[in-house]
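# Per-entry structural report
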Amino acid sequence: MKAIEVSLGARSYPIIVGTGLVERLCDHLPKNGKLAVITTPIINDLYGNLLESIGRTHDLIMVPDGEEAKTWETVEIVLGKLLEYGLDRKSTVVALGGGTVGDLAGFVASIYMRGIDVVQIPTTLLAMVDSSIGGKTAVNHPMGKNLVGSFHQPSKVVIDPLFLNSLPEREIRSGLAETVKYGIISDEEIVKIFENTPVEEIGQEVMVEIIAKCTAIKARYVEQDERDNKGIRASLNYGHTTGHSVENLSKHEINHGEGVAIGMMVAALIAENMGLVDREMRARQERLLKKIGLPTKVPVLAIDEMMEVMHMDKKAEDGRIRFVIPTGIGSEPLLEYLSEDIIVSALRELR
Ligand code: GLY
């Protein structure tokens with residue numbers, strides 16, 4: 001088992017990573033106070049039996065699978081259940097699920113009685129290495145995704161790669177794109193693990209190592225820029241500007257990790273064109289993504305529509321689009337506001 005501390009003064013918390021942790025939940029959840037587990041029917045069917053390992057009374061609240069969970073209506077229903085079950089300020093919400101459950105449960109915990117503890121138990125690789133850590137919570141608004149939310153750090157994050165066994169291969173590859181992101185922006189060792197190990201041979205032990213490395217990197221960024229307003233935490237969005245636009249315009253046929261993979265290739269080409277990295281950096285990243293089975297070319301989508309989505313991104317400023325630009329493999333990227341022509345020419349070149 002690996003333990004990583006997120007040091008944020010009074011809001012500090014541990015991230016623990018290990019196989020089989022969820023088989024002994026009584027060791028990882030508070031012994032006192034009421035507990036309410038928020039999960040989805042699919043997760044409950046697959047893993048509901050593991051909740052017996054909590055070893056004491058808890059309430060179970062089901063929310064819809066996927067983005068449907070992240071609505072005001074669901075927030076109200078869940079708040080109503082917490083009140084009905086008598087949770088008080090000393091109670092804890094347990095978020096058991098992927099990113100959508102984590103975002104919703106975190107948000108509900110942040111406003112219930114002005115904020116109660118939440119323990120995140122992510123069940124997807126994406127949630128394990130990204131959304132369960134750092135306290136970003138959100139629900140969607142008819143005008144856009146994640147437009148309403150709060151910063152509410154969890155009191156603990158429990159990560160068990162056991163959950164990955166039930167994920168479709170494509171979703172694992174999508175999560176691996178985020179782990180490659182961490183390798184490029186911060187830790188060449190992660191890149192080397194993928195270069196030296198065929199993806200099919202990555203067992204749970206190596207997965208624990210990869211996840212622990214990624215969460216440690218995320219923890220360091222969160223510590224320096226908890227509320228994402230200093231431009232430091234923004235580095236975690238490497239590949240995400242283009243990524244979100246292809247995800248969005250393909251109506252999610254291209255999933256998050258695939259979008260991020262494409263976005264990382266676009267950003268690396270821009271870096272090369274700006275003379276910040278050599279050709280080999282981009283070629284190495286491309287080999288790595290291909291090896292994992294991720295796309296590396298810009299799909300046939302209208303470039304003007306892609307640019308429109310990028311401009312609407314809440315991170316755009318004065319008509320310039322914020323891009324995280326790599327400076328090498330495993331080295332701190334730069335945050336640049338780019339003009340449209342630089343981006344458009346990279347998108348054209350990578351078709
Ligand atoms: N997913 C990026 C962040 O948490 O800041």
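All residue numbers here refer to positions counted from 1 along the written sequence of the relevant chain. It should be noted that, the model being predicted, local features are given only for residues of pLDDT at least 70 and side-chain atom pairs only at 80 or more, the latter also being counted only at that level, while totals for whole chains, interfaces and linings use all residues. Think of the side-chain values as coming from all heavy atoms in the structure, minus any hydrogens and water.

Let us now look at helix H7 (residues 204–224). Spanning 21 residues, H7 covers 30 Å between terminal C-alpha atoms, matching the ideal 30 Å at 1.5 Å per step. Elements that come into contact with the buried residues of H7 comprise strand E1 (2–6), strand E2 (13–17), helix H4 (125–131), strand E9 (156–159), helix H5 (169–186) and helix H6 (188–196). Secondary structure elements are defined from DSSP: runs of H or I of at least 4 residues count as helices, runs of E of at least 2 residues count as strands, and each element is numbered from the N terminus. By definition here, a helix of n residues has an expected span of 1.5 Å times n minus one. In what follows, a contact means two residues having at least one pair of non-hydrogen atoms within 4.5 Å.

Here a residue is near a molecule or strand as soon as one of its heavy atoms is found within 4 Å of it. If you check the shell around the ligand, you find Asp-130, Lys-136, Lys-218, Arg-233 and Leu-236 and nothing else. A distance of 2.9 Å separates an oxygen atom of the ligand from a polar atom in the side chain of Lys-136. Side-chain polar atom of Arg-233 to an oxygen atom of the ligand: 2.7 Å apart, as the coordinates give it. Isolated, the ligand exposes 200 Å² of accessible area, and the fraction of that covered by the protein chains is 89%. Of the residues in the shell around the ligand, the class split is 1 nonpolar, no polar and 4 charged. The term polar contact refers here to a pair of N or O atoms within 3.5 Å; inside protein, the definition further demands a hydrogen-donor-capable atom paired with an acceptor-capable atom, and it admits residues adjacent in sequence only when both atoms are side-chain atoms. Each accessible area is a Shrake-Rupley result for a 1.4 Å probe, and residues are judged covered by the shown protein chains and nothing else. Only Asp, Glu, Lys and Arg are considered charged, only Ala, Val, Leu, Ile, Met, Phe, Trp, Tyr, Cys and Pro nonpolar, and every remaining residue, Gly among them, polar.

Residue Met-113 is not a glycine yet carries a positive backbone phi of 50 degrees. Residue placement: Met-113 occurs in the loop between helix H3 (99–111) and strand E6 (117–122). Burial classes: relative accessible area under 20% of the type maximum marks a residue as buried, over 50% as exposed, and values in between as partly exposed (1.4 Å probe, protein chains only). On the basis of relative accessibility, which here comes to 34%, the residue Met-113 falls in the partly exposed class. Despite not being glycine, Arg-114 has its phi angle at roughly 65 degrees, a positive value. Mapped onto the secondary structure, Arg-114 falls in the loop between H3 and E6. When its relative accessible area of 79% is taken as the criterion, Arg-114 is described as exposed.

Structural measurements only, silent on function.
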